[in-house]
Amino acid sequence: MNLLDSLESFLSSFQRDLSSVSGQISELQERSREIDRRLKSRRRIEKPLSKLVSELTIPPALILTILDVEVGESWIPVIDDFERRLDTLEVRARVKAARDLADISEGLRIVAATKLRAFFLALLRPIKDSVTTNVQVLQSSVYLKYRPLFSFLQRKAEPVAKEIQDSYIAAARTYYETAFRRYIRSLGWLRSKVTEKFEALVTLSVQQDSSRLDHERLAYAKIDGPSVILAYMADDKTHKEPLEAILRSLFLVLMDNATAEYSFITIFFSFQPLTPVGDQENVSSAPLLSPDRGVVDDRKSIAGSEARTEIAGPSPSAGRNGSGGLTDTDKNTRNELANLWKKVFDPVLQYTKAFLVSIVEPPPPAIPLLTMVRLTEAVLAEVQKRQCSPLETFFFTMRLELWPVFQRVMTEHCDSLKKVAEKPSGYFAKTNPTTDAMVSNTCKSYTVMFQSFVLLTSEVEETMIFSNLFRLQQELGKLILRHTESITDPTARATKRSAIYEILLQGLIKGSHLTQHPKVQMELDYWTEKERSARQIILSAGQRSKVRQ
């Protein structure tokens, strides 16, 4: 019995111990599960917390770069990182760590803005010191490279950015004003050597060589063609250029420089928000002036420079709302940037306008004048392609000023023909004598003018051109009739008229590649009919003479 009791007691104690151990094991398992849950929770917040701690700190390397390293390419990624940390500190202002760093970050911002101010103002020295500096190369290779640094100032130190912007505008204005003033002065010397002036169609002198179609001069109506006149050429006392070549050089130099400057201003001084981190690689992988945003132009520079530069253009999708139109904010930004451009180029536009006035007053001959009109239209079309709206407005105004001068010249041609062609009325009226040489020269000049106008006109039904040519045609026909009416013999009179009509037809046919043009065909038909009528009179007179014999 004692043995059984002892065994029972032992088993009971062992059962109690097992229950106790089981409870402890359950407790340990529960604690293990709790620890596991806490571990998982901490792992979930580890990355966000680590990111937060990283954002709320300023690395020593970043601080040393801003404080001790001179501004250069190494600053571009550093400033980008610094600005992101500044933005984070502003957003996390309720966090004590962010508040503790506020004074340090503000001090670094001030130091960065101060050093960047000195850096950008120093970049203006080449522009201020010499007009021989190729400003477009400086813009594309230096300014645009450091644009992220200027964008930082626009976002974090606006007064400093405004000071740099004003300093650049003032320096660029002086640079272009000086360069163009000197270039226009050189063109003015060439202009003073031009002896060609307007003469009425019936009084055109032989020296003007008005009886020859000059394709070389007509080529000045296009952008693609002869090289521009360089400033040093004016120093050669024997060098001469026609008026349209002089104006073309000025317009092309103005167009290239003004559109390049407008592209630079709209890119460099436009405000852009900080690029999101996800988009940073896409932006950094694209060149500063990518094919999507710029074109290469070898003509760009102040006269005499052969530097090859790139013109950056605005992004096709920039500044447009969902429907494809400019938003009000984008329009305001465009207007502000256009005003900056005007501050730079206002003096140059005034010089150009004054020079154009000096060329058309007194008015040049009709063909060079129409060449200038077509040149202005070609430049206007190219400026529209380059999306330089303020310069487009300027050239549109120049075009409007040239057309009235052209119309006045054509009216004088018509009036001069009419005055010679009409019969004097009244007893004391003065006669206007005509000669064979004068009529022949007038016909040749007319055919050259007609062919030149056709070559310079792309639209078949351009009223301004062909209505004036029609008026000249009618007055020339009257002049021929008036010149031959003094011949009493009908056969001799018809023979003379036929000879004059032949001069006109031969002159029109000289440009054989133009005979398919509708207006040239109409002109040929008109004078051919006149010549046929005169020849019919001659044949009729010959037949009557044979009958009498």
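See the structure shown above.
Residues numbered from 1 in each chain as written. Predicted model: local features only at pLDDT ≥ 70, side-chain atom pairs only at ≥ 80, totals over all residues. Heavy atoms only, no water.

(A) Representation of the overall build of the protein chain within the structure. Looking only at helices and strands, one finds 18 helices and 2 strands in the protein chain. Counting across all 549 residues of the protein chain, residues that qualify as buried make up 44%. As displayed, the protein chain has an accessible area near 30,000 Å², and 55% of this comes from carbon and sulfur atoms. (Helix = DSSP H or I, 4+ residues; strand = E, 2+ residues; numbered from the N terminus. Buried < 20%, exposed > 50% of the residue type's maximum accessible area, 1.4 Å probe, protein only. Areas by Shrake-Rupley, 256 points an atom, 1.4 Å probe, with all protein chains shown as cover.)

(B) Here's a closer look at empty space enclosed by the protein. Evaluated as defined, the whole model comprises 2 cavities of 30 Å³ or more. Computed from the structure, the second largest cavity encloses a volume of approximately 30 Å³. Taken together, Phe 120, Leu 124, Tyr 143, Ile 164, Tyr 168, Phe 268 and Phe 269 make up the lining of the second largest cavity. Classifying every residue of the lining of the second largest cavity gives 7 nonpolar, no polar and no charged. (1 Å grid on protein atoms, 1.4 Å probe; cavity = no way out; pocket = protein on both sides within 12 Å on 5 of 7 lines; lining within 4 Å. Points joined across faces, edges and corners; volume = space filled by probe spheres on them. Nonpolar A, V, L, I, M, F, W, Y, C, P; charged D, E, K, R; others polar.)

(C) Looking closely at the pattern of salt bridges. Throughout the structure, instances matching the rule amount to 26 salt bridges. Where Glu 529 meets Arg 532, a salt bridge forms, and the shortest distance between an N and an O atom there is 2.7 Å. Here the residue Glu 529 and the residue Arg 532 both occupy positions in helix α18 (residues 518-548), the gap between them amounting to 3 residues, near one helical turn. The exposure class assigned to Glu 529 is partly exposed, which follows from its relative accessible area of 42%. Salt bridges sharing common partners tie together Glu 30, Arg 33, Glu 34 and Arg 37. (Salt bridge = Lys/Arg side-chain N within 4 Å of Asp/Glu carboxyl O.)

(D) Structural view of the environment of Lys 353. For Lys 353, the position within the fold is in helix α12 (residues 328-360). Judged by its relative accessible area of 34%, Lys 353 is partly exposed. Spatially, the C-alpha atoms of Lys 353 and Met 398 are 7.6 Å apart, while their sequence positions differ by 45 residues.

(E) Highlighting the packing of aromatic side chains. On inspection of all chains with the given rule, the structure shows 27 aromatic pairs. Here the aromatic rings of Tyr 143 and Phe 268 are separated by 5.8 Å at their centres, their planes lie at 85°, and the arrangement is edge-to-face. Taken together, the positions of Tyr 143 in helix α6 (residues 135-143) and Phe 268 in helix α10 (residues 243-268) put the pair 125 residues apart, joining distant regions of the chain. Here Tyr 143 falls in the buried class, since its relative accessible area comes to 3%. Residue Phe 268 is classed as buried on the basis of its relative accessible area, which comes to 1%. Relative to Trp 341, the ring of Tyr 262 lies with its centre 6.4 Å away and its plane at 85°, an arrangement referred to as edge-to-face. Linking Tyr 262 in helix α10 with Trp 341 in helix α12, this pair joins segments that are 79 residues apart in sequence. The exposure class assigned to Tyr 262 is buried, which follows from its relative accessible area of 3%. Relative accessible area serves as the criterion here: at 0%, Trp 341 is assigned to the buried category. Ring-pair connections join several aromatic residues into one group, and the members of that group are Phe 119, Phe 120, Tyr 143, Tyr 146, Phe 150, Tyr 168, Phe 264, Phe 268 and Phe 269. Here the guanidinium or amino end of Lys 519 rests over the ring plane of Phe 466, the centre of that ring lying 5.2 Å away. (Phe/Tyr/Trp six-rings, centres within 6.5 Å; stacked < 30°, edge-to-face > 60°. Lys NZ or Arg CZ within 6 Å of the ring centre and 35° of its normal.)

(F) Representation of a nonpolar patch on the surface. A grouping of Leu 7, Phe 10, Leu 11, Phe 14 and Leu 18 is seen on the molecular surface, where their side chains present a nonpolar patch of about 510 Å² in accessible area. By the secondary structure assignment, Leu 11 is in helix α1 (residues 2-55). (Patch = residues over 30% accessible without salt bridge, like charges linked within 9 Å, V, L, I, M, F, W, Y side chains within 5 Å.)

(G) Structural context of the side chain of Lys 193. Within the secondary structure, Lys 193 is located in the loop between α8 (158-192) and α9 (215-218). With no salt bridge to any partner, buried Lys 193 finds its closest opposite charge in Asp 236, at an N-O distance of 6.1 Å. Engagement of the side chain of Lys 193 in a polar contact is seen with the backbone oxygen of Asp 236, the distance being 2.8 Å. For Lys 193, the side chain forms a polar contact with the main-chain oxygen of His 239, separated by 3.2 Å. With near-sequence residues (within four places) excluded, Lys 193 lies in contact with Ala 234, Asp 236, Lys 237, Thr 238, His 239 and Lys 240. (Lys, Arg positive; Asp, Glu negative; His and termini not counted. Polar contact = N/O pair within 3.5 Å; in protein donor to acceptor, adjacent residues only side chain to side chain. Contact = heavy atoms within 4.5 Å.)

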